[in-house]
Amino acid sequence: MAKTKRAYVCSDCGADFPRWQGQCSACAAWNTITEFTIPKTKSALGGAGGGGAVSSYAGSSTKVQTLSEVESKDLPRFSSGISELDRVLGGGIVPGSVLLLCGDPGAGKSTLLLQSIGAVAESRQALYVSGEESIHQISQRAKRLATPNIDKIQVVAETSVEQILNHVVEQKVSFVIIDSIQTMTVAHNESAAGSPSQVKESAAALTRFAKTEGVTFMIVGHINKDSNVAGPMQLIHIVDGLFALSSTSDEKFRVLRTSKNRFGADSESCFFAMTETGMKQVKNPSAIFLSRSNKNHAGSVCTTLWEGTRPLLVEIQALCNQSMTEVPRRLSVGYDSNRLAMSIAVLARHGGVMLSDMDIFVNCVGGIRIEETSADLSVLLAIFSSFKNAPIPQDVLVFGEIGLNGDIRPSANGVERIREAAKQGFTRAIIPKANASRSLPGIDIIPVEDLQEALAAFERVAV
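Q: Can you break down the overall build of the protein residue by residue, with the values?
A: Per the secondary structure count, the protein includes eleven helices and 21 strands. Across its three principal axes, the protein shows a C-alpha extent of roughly 80 × 55 × 50 Å. Residues classed as buried in the protein amount to 51% of the 463 residues present. Taking contacts inside the protein between residues at least 6 apart in sequence as the whole, the part at least 24 apart equals 68%. Surface accessibility of the protein: about 21,600 Å² in total, with carbon and sulfur atoms responsible for 50%. Across the protein, the centroid of the 45 positively charged side chains sits 2 Å from that of the 46 negatively charged ones.

If you want it as C-alpha coordinates, here you go:
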(Lines give C-alpha, C1' and ligand atoms only; values in the text may rest on other atoms or scores of the structure.)
Protein backbone atom coordinates (compact mmCIF):
# COMPACT_ATOMS: atom_id res chain seq x y z
CA MET A 1 0.00 0.00 0.00
CA ALA A 2 1.11 3.54 -0.68
CA LYS A 3 2.32 5.49 2.30
CA THR A 4 0.04 8.20 3.59
CA LYS A 5 0.57 11.48 5.35
CA ARG A 6 -1.63 13.80 7.36
CA ALA A 7 -2.52 17.33 6.34
CA TYR A 8 -4.36 20.05 8.23
CA VAL A 9 -6.19 22.35 5.81
CA CYS A 10 -8.45 25.35 6.41
CA SER A 11 -11.82 24.75 4.76
CA ASP A 12 -12.32 28.51 4.17
CA CYS A 13 -9.08 29.63 2.54
CA GLY A 14 -7.25 26.37 1.79
CA ALA A 15 -4.15 27.17 3.86
CA ASP A 16 -2.34 24.10 5.21
CA PHE A 17 -0.53 23.65 8.53
CA PRO A 18 1.83 21.03 10.01
CA ARG A 19 -0.50 20.46 12.97
CA TRP A 20 -4.03 21.26 14.10
CA GLN A 21 -4.79 24.64 15.66
CA GLY A 22 -7.99 26.38 16.65
CA GLN A 23 -7.66 29.49 14.47
CA CYS A 24 -6.40 29.75 10.92
CA SER A 25 -3.55 32.25 10.88
CA ALA A 26 -4.16 32.99 7.19
CA CYS A 27 -7.83 34.05 7.24
CA ALA A 28 -8.41 34.35 11.03
CA ALA A 29 -11.36 31.91 10.93
CA TRP A 30 -12.02 29.71 13.96
CA ASN A 31 -12.54 25.92 13.94
CA THR A 32 -12.11 25.60 10.17
CA ILE A 33 -8.92 23.48 10.13
CA THR A 34 -9.66 19.87 9.30
CA GLU A 35 -7.38 16.85 9.26
CA PHE A 36 -7.00 14.93 6.00
CA THR A 37 -5.16 11.76 5.11
CA ILE A 38 -3.40 12.11 1.75
CA PRO A 39 -1.53 9.30 -0.03
CA LYS A 40 2.07 9.98 -1.04
CA THR A 41 1.49 9.82 -4.78
CA LYS A 42 1.93 12.20 -7.66
CA SER A 43 -0.50 15.07 -7.60
CA ALA A 44 -2.94 14.16 -10.36
CA LEU A 45 -4.14 11.67 -12.94
CA GLY A 46 -2.61 11.20 -16.34
CA GLY A 47 -4.61 10.29 -19.41
CA ALA A 48 -8.08 8.79 -19.45
CA GLY A 49 -7.35 5.91 -17.12
CA GLY A 50 -5.77 8.07 -14.46
CA GLY A 51 -2.78 5.83 -13.90
CA GLY A 52 0.19 7.82 -15.08
CA ALA A 53 1.76 10.74 -13.29
CA VAL A 54 3.14 13.76 -15.05
CA SER A 55 5.16 16.73 -13.99
CA SER A 56 2.83 19.69 -14.42
CA TYR A 57 -0.77 20.79 -14.88
CA ALA A 58 -0.06 21.62 -18.52
CA GLY A 59 0.58 17.97 -19.46
CA SER A 60 3.64 15.81 -19.89
CA SER A 61 6.75 17.11 -21.59
CA THR A 62 9.24 14.77 -23.25
CA LYS A 63 12.29 16.95 -23.71
CA VAL A 64 13.71 20.40 -23.15
CA GLN A 65 13.54 22.64 -26.23
CA THR A 66 14.29 26.21 -27.18
CA LEU A 67 11.38 28.45 -28.02
CA SER A 68 12.44 28.58 -31.67
CA GLU A 69 12.16 24.79 -31.90
CA VAL A 70 8.64 24.65 -30.52
CA GLU A 71 6.02 24.26 -33.23
CA SER A 72 3.43 27.03 -33.03
CA LYS A 73 -0.15 25.85 -33.27
CA ASP A 74 -2.89 28.34 -34.07
CA LEU A 75 -5.95 26.71 -32.54
CA PRO A 76 -9.16 28.06 -34.07
CA ARG A 77 -11.73 29.14 -31.51
CA PHE A 78 -15.29 27.90 -31.64
CA SER A 79 -18.41 29.77 -30.57
CA SER A 80 -20.26 29.16 -27.32
CA GLY A 81 -23.50 30.06 -29.08
CA ILE A 82 -23.84 33.25 -27.01
CA SER A 83 -22.15 36.26 -28.61
CA GLU A 84 -21.73 38.18 -25.33
CA LEU A 85 -20.13 35.15 -23.68
CA ASP A 86 -17.80 34.76 -26.67
CA ARG A 87 -16.66 38.36 -26.26
CA VAL A 88 -15.86 37.86 -22.59
CA LEU A 89 -13.96 34.68 -23.42
CA GLY A 90 -11.78 36.65 -25.84
CA GLY A 91 -13.52 35.82 -29.12
CA GLY A 92 -14.72 32.27 -28.46
CA ILE A 93 -13.67 29.08 -26.72
CA VAL A 94 -10.13 27.78 -27.21
CA PRO A 95 -9.95 23.98 -27.64
CA GLY A 96 -8.22 22.31 -24.73
CA SER A 97 -8.90 25.17 -22.30
CA VAL A 98 -10.24 24.84 -18.76
CA LEU A 99 -12.60 27.65 -17.71
CA LEU A 100 -14.04 28.18 -14.22
CA LEU A 101 -17.41 29.92 -13.79
CA CYS A 102 -18.29 30.88 -10.21
CA GLY A 103 -21.06 32.91 -8.62
CA ASP A 104 -23.71 33.13 -5.92
CA PRO A 105 -26.32 30.36 -5.62
CA GLY A 106 -29.14 31.14 -8.03
CA ALA A 107 -27.09 33.53 -10.15
CA GLY A 108 -27.75 31.42 -13.25
CA LYS A 109 -24.47 29.54 -13.78
CA SER A 110 -26.08 26.23 -14.74
CA THR A 111 -28.69 27.98 -16.87
CA LEU A 112 -26.07 29.91 -18.84
CA LEU A 113 -23.93 26.84 -19.47
CA LEU A 114 -26.94 24.72 -20.43
CA GLN A 115 -27.92 27.30 -23.04
CA SER A 116 -24.35 27.34 -24.31
CA ILE A 117 -23.93 23.58 -24.60
CA GLY A 118 -27.07 23.43 -26.73
CA ALA A 119 -25.37 25.57 -29.39
CA VAL A 120 -22.02 23.78 -29.10
CA ALA A 121 -23.69 20.37 -29.53
CA GLU A 122 -24.65 21.36 -33.09
CA SER A 123 -21.11 20.73 -34.32
CA ARG A 124 -19.30 18.96 -31.44
CA GLN A 125 -19.76 16.03 -29.13
CA ALA A 126 -20.83 17.65 -25.85
CA LEU A 127 -21.27 16.15 -22.38
CA TYR A 128 -22.98 17.69 -19.32
CA VAL A 129 -21.69 16.17 -16.07
CA SER A 130 -23.85 16.83 -13.02
CA GLY A 131 -22.63 16.18 -9.51
CA GLU A 132 -25.48 17.99 -7.76
CA GLU A 133 -28.69 17.61 -9.75
CA SER A 134 -30.26 14.50 -11.22
CA ILE A 135 -30.36 14.06 -14.96
CA HIS A 136 -34.17 14.35 -14.78
CA GLN A 137 -33.90 17.85 -13.30
CA ILE A 138 -31.46 18.85 -16.02
CA SER A 139 -33.78 17.48 -18.69
CA GLN A 140 -36.73 19.43 -17.30
CA ARG A 141 -34.73 22.67 -17.23
CA ALA A 142 -33.48 22.13 -20.79
CA LYS A 143 -37.03 21.66 -22.05
CA ARG A 144 -38.25 24.72 -20.12
CA LEU A 145 -35.47 26.84 -21.61
CA ALA A 146 -36.16 25.46 -25.10
CA THR A 147 -32.50 24.45 -25.37
CA PRO A 148 -31.56 23.69 -29.00
CA ASN A 149 -30.14 20.31 -30.06
CA ILE A 150 -31.49 18.65 -26.93
CA ASP A 151 -31.31 15.29 -28.70
CA LYS A 152 -27.53 15.73 -29.17
CA ILE A 153 -26.57 16.77 -25.64
CA GLN A 154 -25.20 13.88 -23.60
CA VAL A 155 -25.69 13.97 -19.84
CA VAL A 156 -24.44 11.89 -16.92
CA ALA A 157 -24.71 12.16 -13.14
CA GLU A 158 -21.21 11.33 -11.90
CA THR A 159 -18.72 12.61 -9.32
CA SER A 160 -15.74 10.33 -9.98
CA VAL A 161 -13.13 12.05 -12.14
CA GLU A 162 -11.84 8.68 -13.37
CA GLN A 163 -15.29 7.64 -14.60
CA ILE A 164 -15.89 11.02 -16.21
CA LEU A 165 -12.66 10.83 -18.20
CA ASN A 166 -13.55 7.29 -19.28
CA HIS A 167 -16.92 8.54 -20.56
CA VAL A 168 -15.16 11.35 -22.44
CA VAL A 169 -12.86 8.88 -24.20
CA GLU A 170 -15.60 6.35 -24.97
CA GLN A 171 -18.01 8.92 -26.37
CA LYS A 172 -15.25 10.93 -28.11
CA VAL A 173 -16.42 14.11 -26.40
CA SER A 174 -14.64 17.41 -27.09
CA PHE A 175 -16.68 19.77 -24.86
CA VAL A 176 -17.52 18.99 -21.23
CA ILE A 177 -19.39 20.93 -18.53
CA ILE A 178 -18.60 19.97 -14.92
CA ASP A 179 -21.28 21.05 -12.43
CA SER A 180 -19.62 21.47 -10.02
CA ILE A 181 -15.94 21.03 -9.11
CA GLN A 182 -16.80 20.92 -5.37
CA THR A 183 -18.59 17.60 -5.89
CA MET A 184 -15.78 15.89 -7.84
CA THR A 185 -13.46 13.28 -6.30
CA VAL A 186 -10.36 11.33 -7.33
CA ALA A 187 -9.85 7.77 -6.13
CA HIS A 188 -6.32 8.15 -4.74
CA ASN A 189 -7.40 10.93 -2.36
CA GLU A 190 -9.25 9.80 0.77
CA SER A 191 -10.57 13.27 1.65
CA ALA A 192 -14.24 14.12 1.46
CA ALA A 193 -15.69 15.76 -1.65
CA GLY A 194 -15.37 19.52 -1.50
CA SER A 195 -12.25 19.51 0.65
CA PRO A 196 -9.36 21.69 -0.55
CA SER A 197 -7.23 18.70 -1.48
CA GLN A 198 -10.03 17.01 -3.45
CA VAL A 199 -10.88 20.22 -5.30
CA LYS A 200 -7.23 20.79 -6.20
CA GLU A 201 -6.58 17.19 -7.31
CA SER A 202 -9.80 16.99 -9.32
CA ALA A 203 -9.09 20.27 -11.11
CA ALA A 204 -5.50 19.21 -11.78
CA ALA A 205 -6.63 15.91 -13.28
CA LEU A 206 -9.19 17.57 -15.56
CA THR A 207 -6.70 20.25 -16.63
CA ARG A 208 -3.98 17.73 -17.45
CA PHE A 209 -6.42 15.68 -19.52
CA ALA A 210 -7.61 18.82 -21.33
CA LYS A 211 -4.07 19.83 -22.29
CA THR A 212 -3.02 16.38 -23.50
CA GLU A 213 -6.26 15.40 -25.30
CA GLY A 214 -7.52 18.80 -26.49
CA VAL A 215 -10.85 18.54 -24.65
CA THR A 216 -12.47 21.74 -23.39
CA PHE A 217 -13.84 21.83 -19.84
CA MET A 218 -16.17 24.50 -18.47
CA ILE A 219 -16.33 24.06 -14.69
CA VAL A 220 -18.87 25.48 -12.25
CA GLY A 221 -17.42 26.61 -8.92
CA HIS A 222 -18.96 27.65 -5.63
CA ILE A 223 -18.10 30.76 -3.62
CA ASN A 224 -17.77 31.17 0.14
CA LYS A 225 -19.42 33.69 2.44
CA ASP A 226 -16.79 36.29 1.54
CA SER A 227 -17.70 36.00 -2.17
CA ASN A 228 -14.35 34.36 -2.96
CA VAL A 229 -13.91 31.15 -4.93
CA ALA A 230 -14.40 28.21 -2.58
CA GLY A 231 -11.47 25.84 -2.29
CA PRO A 232 -7.72 26.28 -2.36
CA MET A 233 -6.02 29.19 -4.10
CA GLN A 234 -4.32 26.67 -6.39
CA LEU A 235 -7.66 26.18 -8.15
CA ILE A 236 -7.46 29.67 -9.64
CA HIS A 237 -3.86 29.11 -10.75
CA ILE A 238 -4.67 25.77 -12.41
CA VAL A 239 -7.52 26.91 -14.67
CA ASP A 240 -7.07 29.01 -17.81
CA GLY A 241 -9.90 31.42 -17.10
CA LEU A 242 -11.91 32.59 -14.10
CA PHE A 243 -15.30 34.22 -14.64
CA ALA A 244 -17.69 35.52 -11.99
CA LEU A 245 -21.45 35.77 -12.48
CA SER A 246 -23.25 38.17 -10.16
CA SER A 247 -26.51 40.08 -10.05
CA THR A 248 -27.11 43.82 -10.05
CA SER A 249 -28.70 45.63 -7.12
CA ASP A 250 -32.23 45.21 -8.50
CA GLU A 251 -31.72 41.45 -9.19
CA LYS A 252 -33.04 41.85 -12.74
CA PHE A 253 -29.72 41.61 -14.54
CA ARG A 254 -26.65 39.41 -14.30
CA VAL A 255 -23.10 40.64 -14.82
CA LEU A 256 -20.41 38.25 -16.06
CA ARG A 257 -16.91 39.56 -15.30
CA THR A 258 -13.49 38.22 -16.17
CA SER A 259 -10.94 37.89 -13.38
CA LYS A 260 -8.40 35.79 -15.28
CA ASN A 261 -8.14 34.86 -18.94
CA ARG A 262 -5.06 33.39 -20.60
CA PHE A 263 -6.67 33.77 -24.03
CA GLY A 264 -8.07 37.30 -23.86
CA ALA A 265 -8.54 40.47 -21.85
CA ASP A 266 -8.95 40.05 -18.10
CA SER A 267 -11.22 43.07 -17.63
CA GLU A 268 -14.16 42.19 -19.89
CA SER A 269 -17.77 42.13 -18.73
CA CYS A 270 -21.14 41.41 -20.27
CA PHE A 271 -24.73 41.63 -19.11
CA PHE A 272 -27.69 39.27 -19.18
CA ALA A 273 -31.33 39.60 -18.21
CA MET A 274 -32.74 36.68 -16.24
CA THR A 275 -36.14 35.68 -17.63
CA GLU A 276 -38.46 32.69 -17.39
CA THR A 277 -36.94 31.30 -20.57
CA GLY A 278 -33.32 31.68 -19.47
CA MET A 279 -30.58 34.27 -19.82
CA LYS A 280 -31.16 36.93 -22.46
CA GLN A 281 -28.22 38.93 -23.81
CA VAL A 282 -28.17 42.68 -23.18
CA LYS A 283 -26.60 44.21 -26.28
CA ASN A 284 -26.77 47.80 -25.02
CA PRO A 285 -25.90 47.76 -21.29
CA SER A 286 -25.51 51.54 -21.20
CA ALA A 287 -29.28 51.87 -21.49
CA ILE A 288 -29.66 49.91 -18.23
CA PHE A 289 -27.61 52.27 -16.13
CA LEU A 290 -28.93 55.45 -17.78
CA SER A 291 -32.58 54.80 -16.97
CA ARG A 292 -33.25 58.10 -15.22
CA SER A 293 -36.22 60.38 -14.70
CA ASN A 294 -36.75 63.35 -16.98
CA LYS A 295 -36.08 65.76 -14.12
CA ASN A 296 -32.55 67.02 -13.53
CA HIS A 297 -31.18 66.33 -10.04
CA ALA A 298 -28.24 67.94 -8.28
CA GLY A 299 -25.35 65.56 -7.68
CA SER A 300 -26.06 63.33 -10.69
CA VAL A 301 -23.43 63.13 -13.46
CA CYS A 302 -23.00 60.67 -16.32
CA THR A 303 -19.61 59.26 -17.19
CA THR A 304 -18.23 56.55 -19.44
CA LEU A 305 -16.11 53.62 -18.29
CA TRP A 306 -13.96 51.36 -20.42
CA GLU A 307 -14.97 47.76 -19.77
CA GLY A 308 -12.51 45.48 -21.54
CA THR A 309 -13.03 46.34 -25.20
CA ARG A 310 -16.07 48.62 -25.11
CA PRO A 311 -17.33 51.78 -23.39
CA LEU A 312 -20.06 51.66 -20.77
CA LEU A 313 -22.11 54.70 -19.75
CA VAL A 314 -23.04 54.90 -16.08
CA GLU A 315 -24.51 57.45 -13.69
CA ILE A 316 -22.55 58.74 -10.70
CA GLN A 317 -24.55 60.14 -7.79
CA ALA A 318 -23.19 62.25 -4.93
CA LEU A 319 -24.80 63.75 -1.86
CA CYS A 320 -23.36 66.47 0.38
CA ASN A 321 -25.12 67.04 3.67
CA GLN A 322 -24.27 69.04 6.78
CA SER A 323 -22.60 66.66 9.22
CA MET A 324 -24.14 66.16 12.65
CA THR A 325 -21.08 64.39 14.06
CA GLU A 326 -17.61 65.48 15.00
CA VAL A 327 -16.07 63.36 12.25
CA PRO A 328 -17.91 63.76 8.90
CA ARG A 329 -18.74 60.56 7.05
CA ARG A 330 -17.17 59.65 3.70
CA LEU A 331 -18.95 56.67 2.13
CA SER A 332 -18.76 55.32 -1.42
CA VAL A 333 -20.46 52.41 -3.16
CA GLY A 334 -18.77 51.16 -6.32
CA TYR A 335 -15.99 53.76 -6.13
CA ASP A 336 -12.68 53.49 -4.32
CA SER A 337 -12.84 55.27 -0.96
CA ASN A 338 -9.19 56.35 -1.20
CA ARG A 339 -9.79 58.11 -4.51
CA LEU A 340 -12.88 59.73 -3.01
CA ALA A 341 -10.75 61.20 -0.22
CA MET A 342 -8.23 62.39 -2.81
CA SER A 343 -10.95 64.08 -4.89
CA ILE A 344 -12.29 65.91 -1.83
CA ALA A 345 -8.77 67.10 -0.94
CA VAL A 346 -8.11 68.31 -4.50
CA LEU A 347 -11.46 70.12 -4.57
CA ALA A 348 -10.56 71.92 -1.34
CA ARG A 349 -6.94 72.74 -2.23
CA HIS A 350 -7.29 73.76 -5.89
CA GLY A 351 -11.01 74.60 -6.09
CA GLY A 352 -11.40 76.50 -2.83
CA VAL A 353 -14.43 74.37 -1.85
CA MET A 354 -14.19 73.44 1.84
CA LEU A 355 -16.14 70.27 2.68
CA SER A 356 -14.60 69.47 6.06
CA ASP A 357 -17.95 69.79 7.86
CA MET A 358 -19.99 67.88 5.26
CA ASP A 359 -21.05 64.24 5.07
CA ILE A 360 -20.30 63.03 1.53
CA PHE A 361 -21.83 59.96 -0.09
CA VAL A 362 -21.00 58.65 -3.58
CA ASN A 363 -22.85 55.90 -5.41
CA CYS A 364 -22.34 54.25 -8.80
CA VAL A 365 -25.83 53.41 -10.05
CA GLY A 366 -26.63 49.83 -10.98
CA GLY A 367 -24.07 48.10 -8.79
CA ILE A 368 -21.15 48.76 -11.14
CA ARG A 369 -17.69 48.78 -9.56
CA ILE A 370 -15.37 51.44 -10.97
CA GLU A 371 -11.85 50.09 -11.43
CA GLU A 372 -10.32 52.89 -13.54
CA THR A 373 -9.42 56.53 -12.96
CA SER A 374 -11.46 58.09 -15.77
CA ALA A 375 -14.40 58.63 -13.39
CA ASP A 376 -12.45 61.03 -11.13
CA LEU A 377 -13.70 64.22 -12.78
CA SER A 378 -17.31 63.03 -12.86
CA VAL A 379 -17.19 62.15 -9.15
CA LEU A 380 -15.69 65.54 -8.33
CA LEU A 381 -18.29 67.45 -10.35
CA ALA A 382 -21.10 65.35 -8.86
CA ILE A 383 -19.92 66.35 -5.38
CA PHE A 384 -19.65 69.98 -6.44
CA SER A 385 -23.13 69.83 -8.04
CA SER A 386 -24.65 68.51 -4.82
CA PHE A 387 -22.77 71.09 -2.73
CA LYS A 388 -24.01 73.95 -4.93
CA ASN A 389 -27.45 72.33 -5.40
CA ALA A 390 -27.04 73.00 -9.13
CA PRO A 391 -28.04 70.10 -11.42
CA ILE A 392 -26.03 69.17 -14.51
CA PRO A 393 -28.24 68.56 -17.58
CA GLN A 394 -28.71 64.93 -18.57
CA ASP A 395 -27.19 65.50 -22.01
CA VAL A 396 -23.73 66.32 -20.55
CA LEU A 397 -21.02 63.65 -20.34
CA VAL A 398 -18.00 63.98 -18.03
CA PHE A 399 -14.81 61.92 -17.82
CA GLY A 400 -11.15 62.47 -16.98
CA GLU A 401 -8.54 61.68 -14.35
CA ILE A 402 -7.71 64.14 -11.57
CA GLY A 403 -4.10 64.78 -10.53
CA LEU A 404 -3.04 65.91 -7.07
CA ASN A 405 -1.89 69.22 -8.55
CA GLY A 406 -5.37 69.86 -9.95
CA ASP A 407 -4.67 69.03 -13.59
CA ILE A 408 -7.06 66.95 -15.69
CA ARG A 409 -5.30 64.00 -17.28
CA PRO A 410 -6.51 62.24 -20.45
CA SER A 411 -8.25 58.87 -20.50
CA ALA A 412 -7.60 56.02 -22.88
CA ASN A 413 -9.97 55.40 -25.83
CA GLY A 414 -11.44 58.90 -25.59
CA VAL A 415 -12.89 58.91 -29.12
CA GLU A 416 -14.73 55.62 -28.59
CA ARG A 417 -16.15 56.91 -25.29
CA ILE A 418 -17.53 60.04 -26.97
CA ARG A 419 -18.99 58.09 -29.88
CA GLU A 420 -20.88 55.83 -27.47
CA ALA A 421 -22.21 58.89 -25.65
CA ALA A 422 -23.39 60.41 -28.94
CA LYS A 423 -25.29 57.19 -29.71
CA GLN A 424 -27.11 57.52 -26.38
CA GLY A 425 -28.22 61.10 -27.10
CA PHE A 426 -25.55 63.14 -25.30
CA THR A 427 -24.88 66.50 -26.94
CA ARG A 428 -22.12 67.98 -24.73
CA ALA A 429 -19.02 66.53 -23.08
CA ILE A 430 -16.62 67.94 -20.48
CA ILE A 431 -13.41 66.05 -21.15
CA PRO A 432 -9.62 66.46 -20.78
CA LYS A 433 -8.05 68.79 -23.30
CA ALA A 434 -5.74 66.01 -24.50
CA ASN A 435 -8.79 63.94 -25.51
CA ALA A 436 -10.28 66.82 -27.54
CA SER A 437 -7.83 66.68 -30.44
CA ARG A 438 -10.51 65.31 -32.74
CA SER A 439 -13.99 66.80 -33.09
CA LEU A 440 -16.95 64.48 -33.51
CA PRO A 441 -20.21 65.44 -35.24
CA GLY A 442 -23.30 65.75 -33.10
CA ILE A 443 -21.61 66.50 -29.78
CA ASP A 444 -20.16 69.73 -28.38
CA ILE A 445 -16.74 69.20 -26.78
CA ILE A 446 -15.79 71.32 -23.74
CA PRO A 447 -12.07 70.70 -23.15
CA VAL A 448 -10.61 71.39 -19.69
CA GLU A 449 -6.99 71.37 -18.61
CA ASP A 450 -7.22 71.81 -14.85
CA LEU A 451 -9.73 71.89 -12.03
CA GLN A 452 -10.40 75.66 -12.36
CA GLU A 453 -11.44 75.21 -16.00
CA ALA A 454 -13.58 72.20 -15.06
CA LEU A 455 -15.47 74.21 -12.42
CA ALA A 456 -15.89 77.06 -14.91
CA ALA A 457 -17.30 74.62 -17.45
CA PHE A 458 -19.67 73.34 -14.78
CA GLU A 459 -20.94 76.88 -14.20
CA ARG A 460 -21.68 77.24 -17.92
CA VAL A 461 -23.67 74.04 -18.28
CA ALA A 462 -25.36 73.84 -14.86
CA VAL A 463 -29.06 74.66 -14.63
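There's plenty left to go through after this.
Q: Residues and numbers for the side chain of Arg254, please.
A: With respect to the secondary-structure elements, Arg254 resides in strand β10 (residues 253-261). Polar contacts involving the side chain of Arg254 include one to the main-chain carbonyl oxygen of Ala107, which spans 2.8 Å. Setting aside chain neighbours within four positions, we find Arg254 in contact with Gly106, Ala107, Leu245, Ser246, Ser247, Cys270, Phe271, Phe272, Met274 and Met279.

Q: Report on the packing of aromatic side chains, specifying residues and quantitative values.
A: Counted according to the given criterion, the structure contains three aromatic pairs. Ring centres of Phe209 and Phe217 lie 6.3 Å apart, and the angle between their planes is 75°; this geometry places the pair in the edge-to-face category. Summarising the burial analysis for this pair, Phe209 and Phe217 share the class buried. On the numbers, 5.1 Å between centres and 75° between planes, the contact of Phe384 with Phe458 is edge-to-face. Note that Phe384 is positioned in helix α9 (residues 376-388) and Phe458 in helix α11 (residues 451-461), a separation of 74 residues in sequence. Take Phe384 and Phe458: they sit in the same class, and that class is buried. The ring of Phe399 carries Arg417 above its face, with NZ or CZ at 5.6 Å from the centroid.

Q: Can you break down the sheet that holds strand β5 (residues 126-130) residue by residue, with the values?
A: Sheet architecture is open: nine strands sit in the order β6-β5-β7-β8-β4-β9-β10-β11-β12, paired in mixed fashion. Single-partner strands in this sheet number two, and they are β6 (154-157) and β12 (278-281). Each strand of the sheet is rotated relative to its neighbour by a mean of 25°, with strand direction disregarded.

Q: I'd love a proper account of empty space enclosed by the protein, names of residues and values included.
A: One way to see where empty space is left: roll a probe the size of a water molecule over the atoms. This model, assessed by the stated rule, comprises two cavities of 30 Å³ or more. Of the voids in this model, the largest cavity is the one considered here, and its volume is about 50 Å³. Forming the boundary of the largest cavity are Leu85, Leu89, Leu101, Leu112, Leu113, Met218, Phe243 and Leu256. The set of elements that each furnish at least two residues to the lining of the largest cavity consists of α1 (83-89) and α2 (109-120). Grouping the constituent residues of the lining of the largest cavity by class yields eight nonpolar, no polar and no charged. Of the voids in this model, the second largest cavity is the one considered here, and its volume is about 30 Å³. If you go around the second largest cavity, the residues you meet are Arg77, Leu89, Gly92, Ile93, Val94, Ser97, Leu99, Asn261 and Phe263. Residues that form the lining of the second largest cavity fall into these classes: five nonpolar, three polar and one charged.

Q: Requested: an account of unusual backbone geometry, with residues and values cited.
A: Negative phi is the rule for most residues except glycine; trans is the rule for most peptide bonds. The omega torsion across Asp179 and Ser180 is 10°, close enough to zero to call that bond cis. Mapping Ser180 onto the fold places it in the loop between β7 (175-179) and α5 (196-213). At Ala28, a position not held by glycine, the phi torsion is positive, near 65°. Residue position: Ala28 is located in the loop between β2 (16-17) and β3 (33-39). Unlike most non-glycine residues, Asn149 shows phi in positive territory, near 55°. You can see Asn149 is positioned in the loop between α3 (135-144) and β6.

Q: Let's hear about α2: which residues, and what values?
A: Since the α-helix packs 3.6 residues into each turn, any two residues three or four apart lie on the same face. Taking 1.5 Å per residue, twelve residues should reach 16 Å; α2 reaches 17 Å between its end C-alpha atoms and fits that length. Of all twelve residues in α2, eleven are buried; the element is thus mostly enclosed. Those residues of α2 that fall on the buried side of the exposure criterion are Lys109, Ser110, Thr111, Leu112, Leu113, Leu114, Gln115, Ser116, Ile117, Gly118 and Val120.

Q: Quick rundown of the side chain of Glu268? Include the residues and the values.
A: Among the structural elements, Glu268 can be located in the loop between β10 and β11 (269-275). By relative accessible area, Glu268 is classed as buried at 4%. At 2.6 Å, the side chain of Glu268 and the side chain of Arg87 are in polar contact. Not counting the four nearest positions on each side in its chain, Glu268 is found in contact with Arg87, Val88, Leu256, Arg257, Thr258, Glu307, Gly308 and Thr309.

Q: Which residues make up the pairing of strand β16 (residues 358-364), and what values go with them?
A: Burial analysis of β16 places five of its seven residues in the buried class, which makes it a mostly covered element. The pairing of strand β14 (residues 310-322) with β16 spans seven bridges and is classified as antiparallel. Along β16, the bridge assignment pairs Gln317 with Asn363. Note: strand β15 (residues 330-333) against β16, four bridges, orientation parallel.

Q: Tell me about the environment of Val176, and please be specific about residues and values.
A: Position of Val176 among the secondary structure elements: in strand β7. A relative accessible area of 0% means that Val176 is categorised as buried. A sequence separation of 48 residues divides Val176 from Tyr128, and the C-alpha atoms of the two residues are 5.9 Å apart. With sequence-adjacent residues up to four places away left out, Val176 is seen in contact with Leu127, Val129, Val168, Val215, Thr216, Phe217 and Met218.

Q: Residue-level account of the pattern of salt bridges, with values.
A: Taken as a whole, this structure holds eleven salt bridges when the rule is applied. In this structure, the salt-bridge partner of Lys211 is Asp240, at a minimum N-O distance of 2.5 Å. Residue Lys211 is located in helix α5, and its partner Asp240 is located in the loop between α6 (234-238) and β9 (241-247); the two are separated by 29 residues in the primary sequence. With a closest N to O distance of 2.7 Å, Asp240 and Arg262 form a salt bridge. Residue Asp240 is located in the loop between α6 and β9, and its partner Arg262 is located in the loop between β10 and β11; the two are separated by 22 residues in the primary sequence.

What counts and what doesn't
- Residues numbered from 1 in each chain as written.
- Predicted model: local features only at pLDDT ≥ 70, side-chain atom pairs only at ≥ 80, totals over all residues.
- Heavy atoms only, no water.
- Helix = DSSP H or I, 4+ residues; strand = E, 2+ residues; numbered from the N terminus.
- Buried < 20%, exposed > 50% of the residue type's maximum accessible area, 1.4 Å probe, protein only.
- Contact = heavy atoms within 4.5 Å.
- Areas by Shrake-Rupley, 256 points an atom, 1.4 Å probe, with all protein chains shown as cover.
- Lys, Arg positive; Asp, Glu negative; His and termini not counted.
- Charge placed at Lys NZ, Arg CZ, Asp CG, Glu CD.
- Polar contact = N/O pair within 3.5 Å; in protein donor to acceptor, adjacent residues only side chain to side chain.
- Phe/Tyr/Trp six-rings, centres within 6.5 Å; stacked < 30°, edge-to-face > 60°.
- Lys NZ or Arg CZ within 6 Å of the ring centre and 35° of its normal.
- Pairing = 2+ DSSP bridges.
- Axes fitted to C-alpha atoms, helices over the stretch in contact; angles between N-to-C directions.
- 1 Å grid on protein atoms, 1.4 Å probe; cavity = no way out; pocket = protein on both sides within 12 Å on 5 of 7 lines; lining within 4 Å.
- Points joined across faces, edges and corners; volume = space filled by probe spheres on them.
- Nonpolar A, V, L, I, M, F, W, Y, C, P; charged D, E, K, R; others polar.
- Expected span 1.5 Å × (residues − 1).
- Salt bridge = Lys/Arg side-chain N within 4 Å of Asp/Glu carboxyl O.

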